[in-house]
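# Working through the structure, step by step
Spelled out from the first residue to the last, the chains are:
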Amino acid sequence: METIFLDANGEPQGLLIDIGKEYARVNNVEVSFVLTDWHESLQAVKSKEADIHAGLLWSEHRETYLDFLPGIVEIDTQLFFSSKLWGGITSSSKNFRRKSLG
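Being a predicted model, the structure only gives us computed values, none of them experimental.

Taken as a whole and judged by the stated rule, the model has 1 salt bridge. With a closest N to O distance of 2.6 Å, R25 and E22 form a salt bridge. Here E22 and R25 lie together in helix α1 (residues 15-27), a separation of 3 residues that amounts to about one turn. Look at R25 and you get exposed, because its relative accessible area is 57%.

Shown next, in the form of structure tokens:
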């Protein structure tokens with residue numbers, strides 16, 4: 001399931017949108033969703049133009065300007081790359097742990 005996306009009508013949809021709508025209903029508050037790029041979204045929260053950045057993972061740097069709540073969604077993800085890129089290194093290879101990701 002996608003966490004946030006625009007549907008065929010350009011309306012925000014997805015798990016985090018559903019959670020935001022339920023939060024609004026339970027707390028009797030109005031919520032609007034603004035989908036923007038990553039940097040703009042973080043800047044909007046920093047400048048208090050926005051209250052929440054949904055779907056953000058914790059980092060030491062982000063904790064200097066954001067308050068993090070306990071997780072609401074467990075993420076199971078995979079890493080895929082060309083075997084040509086790393087010369088056939090697999091997850092069972094001892095050298096796998098020495099490669100840089102970023």
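A positive phi angle, near 55 degrees, is found at N28, a position not held by glycine. Relative to the assigned elements, N28 resides in the loop between α1 and α2 (38-46). On the basis of relative accessible area, N28 is assigned to the exposed category, the value being 72%. Despite not being glycine, K48 shows a phi value in the positive range, around 70 degrees.

What counts and what doesn't
- Residues numbered from 1 in each chain as written.
- Predicted model: local features only at pLDDT ≥ 70, side-chain atom pairs only at ≥ 80, totals over all residues.
- Heavy atoms only, no water.
- Salt bridge = Lys/Arg side-chain N within 4 Å of Asp/Glu carboxyl O.
- Helix = DSSP H or I, 4+ residues; strand = E, 2+ residues; numbered from the N terminus.
- Buried < 20%, exposed > 50% of the residue type's maximum accessible area, 1.4 Å probe, protein only.

That is the geometry; function is a separate question.
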